[in-house]
Every structure is written in structure tokens, then in C-alpha cells.
Amino acid sequence: MVQLVGSLRKELADSLSTCKVLVVGAGGIGCELLKNLVLTGFKNIEVIDLDTIDVSNLNRQFLFQKKHVGKSKAQVCKYQGISLSSPDYNVEFFRNFMLVMNALDNRAARNHVNRMCLAADIPLIESGTAGYLGQVTVIKKGMTECYECQPKPTQKTFPGCTIRNTPSEPIHCIVWAKYLFNQLFGEEDADQEVSPDTADPEASWNPEDTAARATASEKDGDIKRVSTKEWARSTGYDPVKLFNKLFKDDIMYLLTMDKLWKKRKAPLPLDWQQLENSAYPQEESVGSGLKDQQVLGVWALCQLFQHSVETLRSQLQEKGEGAELVWDKDDPPAMDFVTAAANLRMHIFSMNMKSPFDVKSMAGNIIPAIATTNAVIAGLIVLEGLKILSGELESCRTIFLNKCPNLRKKLLVPCVLDPPSVNCYVCASKPEVTVKLNVHKTMVLSLQDRILKERFGMVAPDVQIEDGKGTILISSEEGETETNNSKFLADFGIRNGSRLQVDDFLQDYTLLVNVLHTEELERDVEFEVVGEAPDKAPPPQTNQEDVNSITNGNKDSAQPSTSSKGQQEINVFLSSSHGAANFVWSCLFVKYTDEENKYLNTLLFCKFSHLEIMEGSEIVIVGACPL
């Protein structure tokens, strides 16, 4: 008869008190996870977290209180918080644990822990949440996909100097406008500054030499070095003064940073009085269709800016002294303000302006943190951990938490773990990758920082050229190869077909890089990784008859399990990828007719390792498998 301790077998319960587990991250998921581990019976838990506690954390991270704001999360949890890439956290450190559980919120840290667990051959439970969506998966060397087996969509984060000084895409201006809303009307955040960034390393200018040219800041409202909100209040939120400060004075100040504009088109300041004098009353919007899908003209945007500022000012006054507004995409005045400010900045930096509909779609892409989702995912992490400690790794699953139940009325959808990808440049037996670049324009420093560290997630790479001489191109030892940084790859004899052996001893990771020289890269693109799926994949080489007959990547299995002789009509609806591993999910609604001429609907959930989108909205599914 099986002996139980609570709900666990006695052998498993006994092992929990001795096994050593590592929890990486003590935030939203981490707090829930630590609570679950302690209540389940784990006695030996070690936590790593590098963040400090913010006021916004207190609504869901219940291990922290108001008195802890500003302190280290790890220290409050009575554990240490040291950089994950520190030598103290090497492969030997990870080998001290029977199990590692990730509760992270950024890709770089996930990549690093993934590689360390692979090198140490320790099981890793990866997790992630996005609003109501969540995911848990298990990673084990040689048995399952690792975190980096599948390509991940680009994370939508932007450097502060890009937002403040050198926007190049509409989204940069929209983010700036949302920051501006908070600086003027909402809760000020030092990380959301909108004024020109004089610390921009690319500017490399001397403020003392150019301050005399930045005379605009001495005019229009007697601007002083105070916060944006304080200055706006001192002007009574005067729309014209705000306009000239943001779109004239600040832009003129940016122009004094000469180096920024040597290879970029310089911005063009706007002046309210000049625009008002030259404006045409009948100025029309660009585009056709519904009103919110039309792009407004510059003077119309000025008027929208003025009206929205006046409305928001009135809302502040109604709330009383010290009140703050919260930006909401469904609040018309707030949305009008962001639309006007973002488009005016786009015009200044010579970008195509966007309609209110487009701005709302881009600005509203905010994913809230929901405590309930974190709690569910933390519970699933512990359940998968118990399977691993019971020696039942084969029964582990990738589990997706969905917002709405499926046809079986299930919110949780389990999926069999996939085997490792043979093309993975991390967990393959001999990791290898091909990089397309211009050897005459790519510097050694760019290879180190942009390609090896940023793109391939290395910490301290050593690079050796396979030229028969063993030439050391980059050394992780400080000062050894710094003189190479400003030289081009071609200066070291690197050409089309050259091979570079890259070692990162901190990650116990080796990668062979094949160099493919090209002079035909797109503008502002420094390099490309060959084999990665482009944003818009070319049409596959298959005829239309074959395309229409494939439902899950296999012609022989085109019929559903309850297939009939009727003709199938297939509609594919794609939802955005989510969760830690960023798998792409889709629903296939298969409509068919049975012998009695009745219509049935079957819902199949499929996971895809790759998909190609053809022109005309036709979707071809490659390598899909029904669960």
C-alpha cells in the first residue's frame, strides 16, 4: 500500500526536504512560486534576483511591503542577488541543484539560464505570462527543445536615447508621446524622460561649447531646469507654450548635438505662430474611409494638440490639487493627445504620419500583469517539478493557459514536449551558424557587441580565426585585444567563407560562425543570420492543389479523425505567440459534411514549428501536429 504524506507519496515527500532547487526571479511569478514551494515541503531553496522593489510591485508580489520599496528583492527574500553572468554563477554552481525554475521577465536572462542548465545537464522549468495568457515548459538536455531552439519575435523595447534623440520609426514617436502624457498629466517616471538626452553616447558633444547655440530654451515661457510637469504647471498648461517647447525649443537643442546628424537627416523644428499664419482653413486629411483612418494634416494636428491639452487640463483641475491622470487608449482626450504629439514628432523627423486608428493600435499594445495568471503558472511549475523529482520526466508537458476555454471547456492545454531541434545553434551537438555581413564595413567591436553578445546572447566571448595560424580576434581577458576593436574584419584576412570559433567559458558554450560576405544588405541592417525566417516568408515551392489538401503538414493525414466523404472547408485563425517559449499556436476550424448531410464543427489545436504566409492571406502550415 502506498504511504502518503499529505497528498504526496512518502518517498517523494522525503526527497523534497533534501533536494536543492534554484529559483531564478522573485517577481510576479517568483513570489507565487516561492510560496508554493515552501507549502509543498521544499526545504532547500536558493533564489537569485537582480531587481529592486518598486511601488507598482506591491499589488501582486505579496512577499514585499511598502517598507521594502527600493531594496533588493533577493535580499528581502533573505537570499543573495548577484549578476547571473558573474563567475560565481558558473556551470559548477548550477550543478549543485537537482532542479532549476525560471521566473524571469526578459529574454537575455532566460537565454543565459538555458545555456547554463544545458551545460550542467540540469532540468530547467521555463515559464512566462502575458496578461491572461501563460505557459510552462520543461527543458532537459538531449530530450527536449531548449529555450532557443525556436526563433523568438523581436522584443519591443527601445533605448532611451533613441526615444528622446533619434527616433527612426513611428513607434518611437508613439512611445515618446505616451511618456509625455505621464510627464505632464500622470505619474512621473524617471525612466520615461522626454527631453533631449545629453548623455547619449552617440552624440559625443561638449555641452559647454554648444550651449550658446541652444538659446531657444531661454525663450517661450522662461524655461528653467525643472521637471516637465512643474514647468507645464507654471505656464498653466498653455498649449502654445507647450507646443513650442516640445516641437521647437527641444528640437533646436537636439540640432546642437552635431554628431547625431552627420549620417541622419536632421529634424525640422515647428513654430506655432508660423504654422498658424500659413495654415489653410480648408486643410484636408490624407486618405479615405472612416474618420479615424485618415491621416490629419500638420495644422489639424496642432489644433488637436491644443484641444486635447485644454481638455486634460480641465480634468486635472476637476480632480483637485496633486491629482494625476492615467493614460487609457479608450479615453478620447488621452488618445487625441498621443495621436497629435506622436504625429507632430513624426513630421519633425521626416516620417510618414499615422492615422488615429493606427496610433491607437500601436499605443494600446500594453500587456498587464495579472496576479491570478502568475498564481496559476506558479502552481503548474511546481507540478512539473514534482514529476521530474519522481523520475517521470517523460510525463512532463508544455502547458498553455488560455484566456477563453476551448470546446472541451478547458483553459489549460497540455502539449507533448518536442525533441531538440537539429538546427539549434545552442543545444545541437556541434552548434554552428552562418552570418551574412560586409567584412569591409563590420568592425570587430560590432562583431563582439552586436552579433555575439546581443544576437547570440554570449557574455564574454573569445574568438579565434580558423586560418591555420590560430589568430585571436577577440579575447575576454581585459586589454588583450582592445586595439582590434576599431578595425574591420577584412583587416584580419576574414573574407567570404571564413570560419570563426567562438568560446564563452562562462556559459561553457562553443559556437562555430561561418562568415558569408555580402554588399547587398538592406539599409541600416548590419548583418543577417542565414536560415532565420524573415518577417515575410517567400511563397513556398508547391502547387495550389497540394496547398489546399494539407491541414497539418502531411498529405496523408489531411482528413480529421472523424472524417467523412464531404468536402472540407478550412479556415485558419492565427493568434499572437506568447509565453516563455513563444510557440506559435493556431486554431483550425474544420467544417465538413457527413453521410447524413449534417454539418459538424471540430476544433483542433495545433502547434507549429514553422509557418509560411503567402500573398492573398493563404496560410500553409509546415510541420504541424495535432495534440
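Read on for a plain summary of the structure.

Thresholds, definitions, all that
- Residues numbered from 1 in each chain as written.
- Predicted model: local features only at pLDDT ≥ 70, side-chain atom pairs only at ≥ 80, totals over all residues.
- Heavy atoms only, no water.
- Phe/Tyr/Trp six-rings, centres within 6.5 Å; stacked < 30°, edge-to-face > 60°.
- Helix = DSSP H or I, 4+ residues; strand = E, 2+ residues; numbered from the N terminus.
- Buried < 20%, exposed > 50% of the residue type's maximum accessible area, 1.4 Å probe, protein only.
- Axes fitted to C-alpha atoms, helices over the stretch in contact; angles between N-to-C directions.
- Parallel < 35°, antiparallel > 145°, perpendicular 65-115°, else oblique.
- Contact = heavy atoms within 4.5 Å.
- Nonpolar A, V, L, I, M, F, W, Y, C, P; charged D, E, K, R; others polar.
- Salt bridge = Lys/Arg side-chain N within 4 Å of Asp/Glu carboxyl O.
- Expected span 1.5 Å × (residues − 1).
- Core = buried A, V, L, I, M, F, W, Y, C linked by side-chain atoms within 4.5 Å.
- Left-handed = near helix turned anticlockwise from the far one by under 90°.
- Pairing = 2+ DSSP bridges.

## Description of the packing of aromatic side chains
- Evaluated as defined, the whole model comprises 15 aromatic pairs.
- Ring centres 6.1 Å apart and planes at 70 degrees place the aromatic pair Phe243 and Phe305 in the edge-to-face group. Of this pair, Phe243 sits in helix α10 (residues 239–255) while Phe305 sits in helix α12 (residues 298–319), placing them 62 residues apart in sequence. Of the two residues, Phe243 and Phe305, neither departs from the other in class, the shared state being buried.
- Look at Trp261 and Phe349: their rings are 6.4 Å apart centre to centre, the planes differ by 45 degrees, and that puts the pair in the tilted class. In this pair, Trp261 sits in the loop between α10 and α11 (272–278) while Phe349 sits in the loop between α13 (332–348) and α14 (356–363), placing the two residues 88 residues apart along the sequence. Across the pair, Phe349 and Trp261 agree in class, each one buried.

## Thoughts on the packing of α13 against α14
- At a minimum axis separation of 10 Å, α13 and α14 run at an interaxial angle of 100 degrees. In terms of orientation, α13 and α14 fall into the roughly perpendicular class. The segment α13 lies against α14, with Met335, Val338, Thr339 and Asn343 engaging Pro356, Val359, Lys360 and Ala363.
- Among the residues making up the contact of α13 with α14, the classes are represented as five nonpolar, two polar and one charged.

## Brief notes about the pattern of salt bridges
- This model, assessed by the stated rule, comprises 15 salt bridges.
- Of the charged contacts, one joins Arg115 and Glu148 as a salt bridge, the two residues approaching to 2.8 Å between their closest N and O atoms. Here Glu148 lies in the loop between β7 (133–139) and α6 (160–164) and Arg115 lies in helix α5 (residues 107–120), a separation of 33 residues in the sequence. No difference in accessibility class separates Arg115 from Glu148, as the two residues are buried.
- Taken together, the salt bridges that share partners define one network made up of Glu432, Glu466 and Arg499.

## Considerations on α5
- Under the 1.5 Å per step criterion, the end-to-end length of α5 is 20 Å for 14 residues, consistent within 8% with the ideal 20 Å.
- With 13 of 14 residues buried, α5 is to be regarded as a mostly interior element.
- Where α5 terminates, the next one or two residues include Asp121, which has phi positive at roughly 60 degrees.

## Here we look at the nonpolar core
- In terms of nonpolar packing, the biggest core is built from 56 residues, with Phe247, Phe305 and Phe337 touching the most fellow members.
- The set of elements that each furnish at least two residues to this core consists of α7 (170–184), α9 (228–234), α10, α11, α12, α13 and α14.
- Per-element accounting of this core gives the leading share, 10 residues, to α13.
- Leaving out residues up to four positions away in the same chain, Phe337 has contacts with Ala177, Leu180, Phe181, Leu184, Phe185, Phe305, Ser308, Val309 and Leu312.
- Grouped together as the second largest cluster of nonpolar side chains are 50 residues, Tyr89, Leu473, Ile494 and Tyr509 included.

## A word on the packing of α10 against α12
- Relative to each other, α10 and α12 sit at 120 degrees, their axes nearing to 9 Å. One finds that α10 runs oblique with respect to α12. By crossing handedness, the relation of α10 to α12 is classed as right-handed. For the pair α10 and α12, the contacting residues are Pro239, Leu242, Phe243, Leu246 and Phe247 in the first and Cys302, Phe305, Gln306, Val309, Glu310 and Arg313 in the second.
- The residue makeup of the contact of α10 with α12, split by class, is eight nonpolar, one polar and two charged.

## What to know about the sheet that holds strand β10 (residues 432–437)
- Ordered by their spatial adjacency, six strands build an open sheet running β12-β11-β13-β14-β10-β15, and the pairing between neighbours is mixed. In the strand order of this sheet, the two ends are held by β12 (471–474) and β15 (527–529), each with one partner. Within this sheet the neighbouring strands show an average axis-to-axis angle of 30 degrees, counted without direction.
- Here helix α16 (residues 444–455) sits on the sheet in contact with β10, β11 (461–465), β12, β13 (499–504) and β15, set at roughly 70 degrees to β12.

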